[in-house]
There are 2 protein chains.
Amino acid sequence: MRLTTKGRYAVTAMVDLALNSTGGRIALAEIAARHDISQSYLEQLFAALRRSGLVDGTRGPGGGYQLGRAGAEISVADVIDAVDESVDATRCGGKRNCRGDQGCLTHDLWESLSSQIRQFLSSVSLETVVKQHRAGTAPQVLHKWLKTVVSPLNSGVL
Amino acid sequence: MRLTTKGRYAVTAMVDLALNSTGGRIALAEIAARHDISQSYLEQLFAALRRSGLVDGTRGPGGGYQLGRAGAEISVADVIDAVDESVDATRCGGKRNCRGDQGCLTHDLWESLSSQIRQFLSSVSLETVVKQHRAGTAPQVLHKWLKTVVSPLNSGVL
DNA sequence: TAATTCTTGACTAAATTACTGGGGAAATGA
DNA sequence: TCATTTCCCCAGTAATTTAGTCAAGAATTA
């Protein structure tokens, strides 16, 4: 799970789509203009999103993109995965023998951490983000929530 | 908050330091060999870690690096921030006028999401990672924990 | 048919990552 | 003092990724 500006572009565009989708379709040119992103670059990202079934494109006048399924069914992790191509990143290709015993031990550590992040992002849907935005106060709620949730982690429960 | 392989190198090295630190110092060459990373590259990362006070280097024979403070006091987010130089990433430099009204609205969305990830990573200390690794079963515990915690998010509480 | 919009592919510039190499400076031990 | 070990700092560079351009074409609507 990587978290780059590329993924951010994709998430932004998808949230835009979720935010402005009142049943109709939205042209890429619109999204590109709204966020001042190169349209051709967005096209590349949407090609990947399309291949993953996250969006649905229709051509011709009045055409555009739609969410491939309900916003509640699309997680932020889905979007990031679609454009990021997860480049293996393990350096030893999953084999547990990169260097001595301990080499891949720390691999495991990283992957465990990384999978926690993934699970977290998988739990946040586009709808959640939209709702959170509309609510306004939500970030504080989340902040509180995280605080209560996170303390057992550092207090030696594990 | 970006999450690249660069940050992963740094976290791996720091966890190695936390794992093998029995009071003494550890030479960079050791860490480099253990994880098969270019030593000079690690030197660059450690220069950044040093500037942030996360590690403490001593020269001469028997020298090496030490954690700058207790492993419980160093979060994964600290490590990533130290090497990542957080390149602004807002594209409009904080100003709320990049394009019309809605441009920076979605900015807010992203930044809120990004800050949630940051808070999550801030809650995980090196000690936590080490403990989790030693426990072995911990990842499953975490998985369960996340599941109970995450459901209110998607069930319309917000 | 003409306009619109997605779709695809090739190509390029800029930035970042990962790495190399060299020349020190401080500490230690002989 | 001198050699060795280690951090420390800087300059450069190849590979990769990001971000963007350009052009041709397919499907749809009016």
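Residues numbered from 1 in each chain as written. Chains lettered and ligands numbered in written order. Predicted model: local features only at pLDDT ≥ 70, side-chain atom pairs only at ≥ 80, totals over all residues. Heavy atoms only, no water.

**Overview of the protein's contact with DNA strand C**
Move 1: Lining the immediate environment of DNA strand C, one finds 29 residues, of which A:Leu28, A:Tyr65, B:Thr5, B:Ser40 and B:Gln44 sit closest.
Move 2: Each atom of DNA strand C within 4 Å of the protein was classed as base or backbone; sugar and phosphate made up 69%.
Move 3: Contact distances for DNA strand C include 3.3 Å between a phosphate oxygen and a backbone N or O atom of B:Lys6.
Move 4: Looking at the surface near DNA strand C, the elements with two or more residues in it are helix 3 (39-51), strand 1 (55-58) and strand 2 (64-67) of chain A together with helix 1 (5-20) and helix 3 (39-51) of chain B.
Move 5: The residue makeup of the surface near DNA strand C, split by class, is nine nonpolar, 13 polar and seven charged. (Near = heavy atom within 4 Å. Polar contact = N/O pair within 3.5 Å; in protein donor to acceptor, adjacent residues only side chain to side chain. Helix = DSSP H or I, 4+ residues; strand = E, 2+ residues; numbered from the N terminus. Nonpolar A, V, L, I, M, F, W, Y, C, P; charged D, E, K, R; others polar.)

**Some points on helix 4 (residues 76-84) of chain B**
Move 1: With respect to burial, helix 4 of chain B is a largely interior element, seven of its nine residues being buried.
Move 2: B:Glu85 lies just past helix 4 of chain B and shows a positive phi near 60 degrees. (Buried < 20%, exposed > 50% of the residue type's maximum accessible area, 1.4 Å probe, protein only.)

**A word on the pairing of strand 2 of chain A**
Residues and elements named next belong to chain A.
Move 1: Of the strand pairs in this sheet, strand 1 and strand 2 are connected by four bridges, and their pairing is antiparallel. Residue pairing across strands places Thr58 opposite Gly64, the latter belonging to strand 2.
Move 2: Joining the antiparallel neighbours strand 1 and strand 2 is a turn of five residues, in which Gly60 adopts a positive phi near 85 degrees. (Pairing = 2+ DSSP bridges.)

**Description of the protein's contact with DNA strand D**
Move 1: Neighbouring residues of DNA strand D: 28 residues in total, closest A:Thr5, A:Ser40, A:Gln44, B:Leu28 and B:Tyr65.
Move 2: Among atoms of DNA strand D positioned within 4 Å of the protein, sugar and phosphate together represent 64%.
Move 3: A:Thr5 is positioned such that a nitrogen or oxygen atom in its side chain is 2.3 Å from a phosphate oxygen of DNA strand D.
Move 4: Going through the elements one at a time, helix 1 (5-20) and helix 3 of chain A together with helix 3, strand 1 (55-58) and strand 2 (64-67) of chain B are the ones with two or more residues in the surface near DNA strand D.
Move 5: Of the residues belonging to the surface near DNA strand D, the class tally is nine nonpolar, 12 polar and seven charged.

**A word on the confidence of the model for chain A**
Should pLDDT be low for a region, the predicted coordinates there are not to be read in detail.
Residues and elements named next belong to chain A.
Move 1: For chain A, the average pLDDT comes to 75, and 66% of its residues sit at 70 or higher.
Move 2: For residues 89-101, every residue scores under 50 in pLDDT, and the model assigns this stretch 24 contacts once sequence neighbours within four places are set aside.
Move 3: Here residues 137-158 scores under 50 on pLDDT; set against residues more than four positions off or in separate chains, the count is 29 contacts. (pLDDT = per-residue confidence, 0-100. Contact = heavy atoms within 4.5 Å.)

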